[in-house]
Amino acid sequence: DESDPRRMDGYQTDVLTDLAIEYLNAYASDRPLYLVLSVEPPHFPLIAPEEYERFDPNELQVRENFEDTPEMRKELATYYAMVENLDWNIGRLMDALASVDTFKDDTLTVYVSDHGDFMGSHGLIKRKEHPQEESIRIPALFHWPDQIQPGTEIDQLFGLVDLLPTLLGLASVDVPTHIQGQDFSPALRNESFEGPEAQLIEMSGNPRWNLDFLDWRGVVTREWKYAFYETGHELLYNLVDDPCELDNLADSDDENRLRLQNILLNLLEKTREPYFDVLIQ
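Residues numbered from 1 in each chain as written. Predicted model: local features only at pLDDT ≥ 70, side-chain atom pairs only at ≥ 80, totals over all residues. Heavy atoms only, no water.

Engineer: Looking at this structure, how should I read the environment of E67?
Structural biologist: Position of E67 among the secondary structure elements: in the loop between α1 (12–26) and α2 (70–99). Residue class for E67 comes out partly exposed when judged on its relative accessible area of 39%. In this structure, the C-alpha to C-alpha distance between E67 and E202, residues 135 residues apart in sequence, is 25 Å. Apart from residues lying up to four places away in sequence, E67 is in contact with M72, G120 and G123. (Helix = DSSP H or I, 4+ residues; strand = E, 2+ residues; numbered from the N terminus. Buried < 20%, exposed > 50% of the residue type's maximum accessible area, 1.4 Å probe, protein only. Contact = heavy atoms within 4.5 Å.)

Engineer: Please clarify how helix α7 (residues 254–270) should be interpreted in this entry.
Structural biologist: Within an α-helix, residues lying three or four positions from one another point in the same direction, as the helix has 3.6 residues per turn. Look at α7: 24 Å from first C-alpha to last across 17 residues, which is about the 24 Å you get at 1.5 Å a residue. What α7 keeps buried is the set N256, R257, L260, Q261, L264, L265, L267 and L268. Where α7 is buried, its residues contact β3 (199–203), β4 (216–220), β5 (224–229), β6 (234–238) and α8 (276–280). A positive phi of about 60 degrees marks R272, the residue just after α7. (Expected span 1.5 Å × (residues − 1).)

Engineer: I tried to follow the pairing of β3 on my own but got confused; where do I start?
Structural biologist: Side chains on a regular strand alternate between the two faces of the sheet. In β3, alternate side chains face the same way, and those of Q199, I201 and M203 are buried while those of L200 and E202 on the opposite face are not. In the sheet, β3 pairs with β4 via 5 bridges, with the strands oriented antiparallel. Opposite Q199, over in β4, you have V220 as the bridge partner. (Pairing = 2+ DSSP bridges.)

Engineer: Which parts of the structure should I look at to understand the packing of α1 against α2?
Structural biologist: Helix-helix packing: each pair is described by the crossing angle between the helix axes and the interaxial distance. Axis separation between α1 and α2 bottoms out at 10 Å; the angle between their running directions is 5 degrees. The angle between α1 and α2 places the two elements in the roughly parallel class. Mapping the contact onto sequence places T13, D14, T17, D18, A20, I21 and L24 in α1 and N85, L86, W88, N89, R92, L93, A96 and L97 in α2. For the contact of α1 with α2, the per-class residue count stands at 8 nonpolar, 4 polar and 3 charged. (Axes fitted to C-alpha atoms, helices over the stretch in contact; angles between N-to-C directions. Parallel < 35°, antiparallel > 145°, perpendicular 65-115°, else oblique. Nonpolar A, V, L, I, M, F, W, Y, C, P; charged D, E, K, R; others polar.)

Engineer: What is the right way to read the sheet that holds β5 from this model?
Structural biologist: Two pairing modes exist for strands in a sheet, parallel and antiparallel, and in both the strands are linked by backbone hydrogen bonds. With respect to topology, 4 strands assemble into an open sheet ordered β3-β4-β5-β6, the strand pairing being antiparallel. Only two strands of the sheet have a single partner each, and these edge strands are β3 and β6. Each strand axis lies, on average, 15 degrees off the axis of its neighbour in the sheet, ignoring direction. With 5 bridges connecting them, β4 and β5 associate as antiparallel partners. Pairing of V219 across the sheet is with Y226, part of β5.

Here's what the structure looks like:
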C-alpha cells in the first residue's frame with residue numbers, strides 16, 4: 001500500500017526474500033495465507049552478487065544450438081550465478097516456512113516462471129520473445145508435505161494457464177466456469193488424470209523497439225511445435241528428432257504443418273482469439 005517507492009539496499013532477490021521471511025515470521029492471523037514472492041533474476045540486465053560469480057566461462061557445458069563466443073560464455077556464466085543465488089534464497093524461504101509452526105506442516109509451495117531466456121542458443125542473448133524451447137519450457141515445481149508424494153514427475157503438458165485451476169483444485173475450491181486451463185491437482189495427488197494433448201503458446205503485445213519483435217501464436221504437443229507469426233512466417237519442429245530446433249520443417253512437411261495449424265485454430269477458437277485466426281486463414 002505504499003505510495004512512495006523505496007530503493008533497495010542490496011541485491012533484489014536477497015532483499016525481497018528478506019521481506020518475505022520477515023512477513024512469515026510476523027504473521028499472526030488465523031486466516032489462510034496466500035503469498036507471492038516474485039523476483040526478476042535470472043533476467044537481463046545480467047548482474048549477480050560477486051560471491052556467486054564463480055563459474056569459468058570456458059568450462060561451461062553448452063547446448064548444441066549455442067553460438068559459441070567468449071562474450072556469450074561470459075554472459076551465460078553470470079546467468080548461472082544469478083540462478084544459483086535464486087536457489088540459495090529459495091532455500092532460505094523454505095527453511096523459514098519449516099521454522100514457523102503456523103506453516104511448517106501444511107503449506108503448499110509452488111515454483112514457476114513466466115519465461116526462459118535464449119542465453120546464446122540460436123545466436124540470441126538476453127532474449128525471450130520467440131517460441132523455441134529455451135524461451136517457453138519453464139519449471140513448475142509443487143511441494144506439499146503429506147499431500148504431494150516427493151519425487152512425483154508428471155509427464156503432461158502443463159501450462160501457466162493451468163496454474164490457477166490447479167491451485168484451486170489443490171485447495172478444494174470450486175473452479176469458476178469461466179476459468180481457462182485445466183486442473184492438474186488429481187495428477188499431483190497420483191489420481192487418474194488425462195492432461196491436454198496440446199498447449200497454446202503465444203506472444204501477444206510484443207514491444208516494438210526492435211523490428212523482429214513480432215507477435216505470434218503457436219501450439220506444442222509432446223512431439224511437435226508449430227508457430228505462426230503475424231508476418232505469415234511459420235515454424236515447425238519435430239521435438240523428438242530435433243530437440244534443439246535446428247531444422248524448420250514448415251516448408252517441407254505440409255502434412256504436419258497443416259495438422260498442427262488446425263489444432264492451433266481450434267485452440268484459438270476455444271480461447272476466443274479475436275484476430276490471429278484471421279491472419280492464419
